[in-house]
Amino acid sequence: MKKFIKGFRFTPANYPAATEEKIQKYRKQGYKLPPRKVLRTPEQIEGIRESAKINTALLDHVAANIREGISTEEIDRMVYEFTTAHGAIPAPLNYEGFPKSVCTSINDVVCHGIPSKKEILKSGDIINVDVSTIYQGYFSDASRMFMIGEVSQEKQRLVQVTKECLEIGIKAAQPWAQLGDVGAAIQEHAEKNGYSVVRDLCGHGVGIKFHEEPDVEHFGRRGTGMVILPGMTFTIEPMINMGAYEVFIDEADEWTVCTDDGLPSAQWENMILITETGNEILTY
């Protein structure tokens with residue numbers, strides 16, 4: 001005889017009964033849960049994976065071609081041409097008025113830097129290239145840091161520790177943990193190394209839309225925040241500053257986020273799928 005769960009079913013129909021029952025226990029105990037709509041169906045996961053494949057291949061393409069002497073406008077053209085050649089759409093293009101296909105953030109620019117023909121990469125720069133892809137209606141998102149020419153030891157260390165923060169955050173993002181666990185793990189590693197974590201920006205759900213629930217903060221306290229459930233897809237993208245964590249938005253374009261003290265910042269971003277037993281990195 002088929003077993004029915006009384007009352008409101010939280011998970012999509014294809015999810016294991018054991019997962020549904022465990023979620024119902026958390027719900028009754030008053031834990032904060034994500035909205036049902038962010039739990040992906042197998043069909044959605046397959047679509048997101050296909051988008052993610054293009055997004056990762058795109059960053060590989062940037063890695064093979066980025067170099068000293070090119071403009072960030074050339075990076076933007078590179079991203080647009082590669083994305084559209086693969087039947088996809090650059091998600092940033094015209095998103096809430098953003099004018100380009102990619103975010104290029106150099107040195108003290110934390111994120112959302114706008115490509116320009118006047119901005120030329122020079123030896124010693126560190127740059128974050130953040131790409132997001134729409135393929136057959138599904139979204140993916142990732143960013144990498146690149147070091148141009150002869151980069152100082154101080155900047156190299158910032159880039160490396162930021163990547164470690166990403167890896168530590170992913171390791172903490174386990175099913176049935178809480179988002180505060182992820183933020184705390186990242187914050188602890190950054191501050192242990194003498195850096196600060198940007199507070200005003202965060203990771204986010206992504207897959208069916210460009211930005212969905214939950215917000216994934218990169219600082220916090222363990223045992224707090226939303227419960228992480230199998231079927232969620234979201235980014236972890238710590239922004240780590242060499243100096244203080246305060247930032248400001250450049251009034252000239254109302255997009256570019258810079259460190260308040262002018263010191264360098266770094267960011268790495270992956271998109272992950274939460275599984276029954278851990279997580280799967282979808283973009284890198």
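Residues numbered from 1 in each chain as written. Predicted model: local features only at pLDDT ≥ 70, side-chain atom pairs only at ≥ 80, totals over all residues. Heavy atoms only, no water.

Draft legend 1. Spotlight on the environment of Ser-152. Looking at the secondary structure, you find Ser-152 in the loop between β5 (138-147) and α4 (153-172). Since its relative accessible area comes to 32%, Ser-152 is described here as partly exposed. Spatially, the C-alpha atom of Ser-152 lies 35 Å from that of Ser-51, the residues being 101 residues apart in sequence. (Helix = DSSP H or I, 4+ residues; strand = E, 2+ residues; numbered from the N terminus. Buried < 20%, exposed > 50% of the residue type's maximum accessible area, 1.4 Å probe, protein only.)

Draft legend 2. Up close: the confidence of the model for the protein. With 98% of its residues at a pLDDT of 70 or more, the protein shows a mean pLDDT of 96. Throughout residues 1-5 the model reports pLDDT below 50, and contacts reaching past four residues in sequence, or to other chains, amount to three contacts. (pLDDT = per-residue confidence, 0-100. Contact = heavy atoms within 4.5 Å.)

Draft legend 3. Representation of the packing of helix α2 (residues 42-65) against helix α3 (residues 72-85) within the structure. One way to put it is that α2 packs onto α3 with a least axis distance of 10 Å and a crossing angle of 140°. In terms of their interaxial angle, α2 and α3 are classed as oblique. Helix-helix and strand crossings are classified by hand; for α2 and α3 the assignment is right-handed. Here α2 contributes Ile-54, Ala-57, Leu-58, His-61, Val-62 and Asn-65 to the contact with α3, which in turn contributes Met-78, Val-79, Phe-82 and Thr-83. (Axes fitted to C-alpha atoms, helices over the stretch in contact; angles between N-to-C directions. Parallel < 35°, antiparallel > 145°, perpendicular 65-115°, else oblique. Left-handed = near helix turned anticlockwise from the far one by under 90°.)

Draft legend 4. Inspection of a negative patch on the surface at higher detail. Among the surface-exposed residues, Asp-200, Glu-246, Asp-260 and Asp-261 lie close enough to one another that they form a single negatively charged patch. Along the chain, Asp-200 falls in the loop between β6 (196-197) and β7 (203-205). (Patch = residues over 30% accessible without salt bridge, like charges linked within 9 Å, V, L, I, M, F, W, Y side chains within 5 Å. Areas by Shrake-Rupley, 256 points an atom, 1.4 Å probe, with all protein chains shown as cover. Salt bridge = Lys/Arg side-chain N within 4 Å of Asp/Glu carboxyl O. Lys, Arg positive; Asp, Glu negative; His and termini not counted. Charge placed at Lys NZ, Arg CZ, Asp CG, Glu CD.)

Draft legend 5. Structural view of the pairing of strand β2 (residues 103-106). Alternating positions in β2 separate into two faces, Cys-103 and Ser-105 on one and Thr-104 and Ile-106 on the other, with burial throughout. As defined by bridge partners, β2 adjoins strand β4 (residues 126-135) across four bridges and the pair is classed as antiparallel. In the strand pairing of β4, Ser-105 is matched with Asn-128. (Pairing = 2+ DSSP bridges.)

Draft legend 6. Summary view of the sheet that holds strand β10 (residues 239-241). On the basis of which strands lie adjacent, the open sheet formed by three strands has the order β6-β10-β13 and antiparallel pairing. The open sheet terminates on both sides in strands that have one partner only, identified here as β6 and β13 (265-267). By the bridge criterion, three bridges tie β10 to β13 in an arrangement that is antiparallel. For Met-239, the partnering residue across the bridge sits in β13 and is Gln-267. The strands touched by α4 are β10 and β13; relative to β13, the strand with the most contacts, the crossing angle is about 40°.

Draft legend 7. Broad picture of unusual backbone geometry. In this structure, Pro-214 follows Glu-213 across a cis peptide bond, with omega equal to 5°. Summarising the element assignment, Pro-214 is placed in strand β8 (residues 212-216). Backbone geometry at Asn-107 places phi at a positive 55°, although glycine is not the residue there. Relative to the helices and strands, Asn-107 is located in the loop between β2 and β3 (109-111). Here Trp-176, not a glycine, exhibits a phi torsion of approximately 80°, which is positive. The class of Trp-176 is buried, set by a relative accessible area of 16%.

Draft legend 8. Representation of the pairing of β4. Summarising burial for β4: ten of the ten residues are buried, a large majority. Judged by which residues are buried, β4 turns out to be covered on both faces: Ile-126, Asn-128, Asp-130, Ser-132 and Ile-134 on one side and Ile-127, Val-129, Val-131, Thr-133 and Tyr-135 on the other are all buried. Relative to β4, strand β1 (residues 89-90) runs antiparallel, the two being bridged by two bridges. In the strand pairing of β4, Pro-90 is matched with Thr-133. Strand direction decides the pairing type here: β4 and β5, joined by ten bridges, are antiparallel. Residue pairing for β5: Asp-130 is matched across the bridge by Ser-143. Between β4 and β5, which pair antiparallel in sequence order, lie two residues; one of them, Gln-136, sits at a positive phi of approximately 50°.

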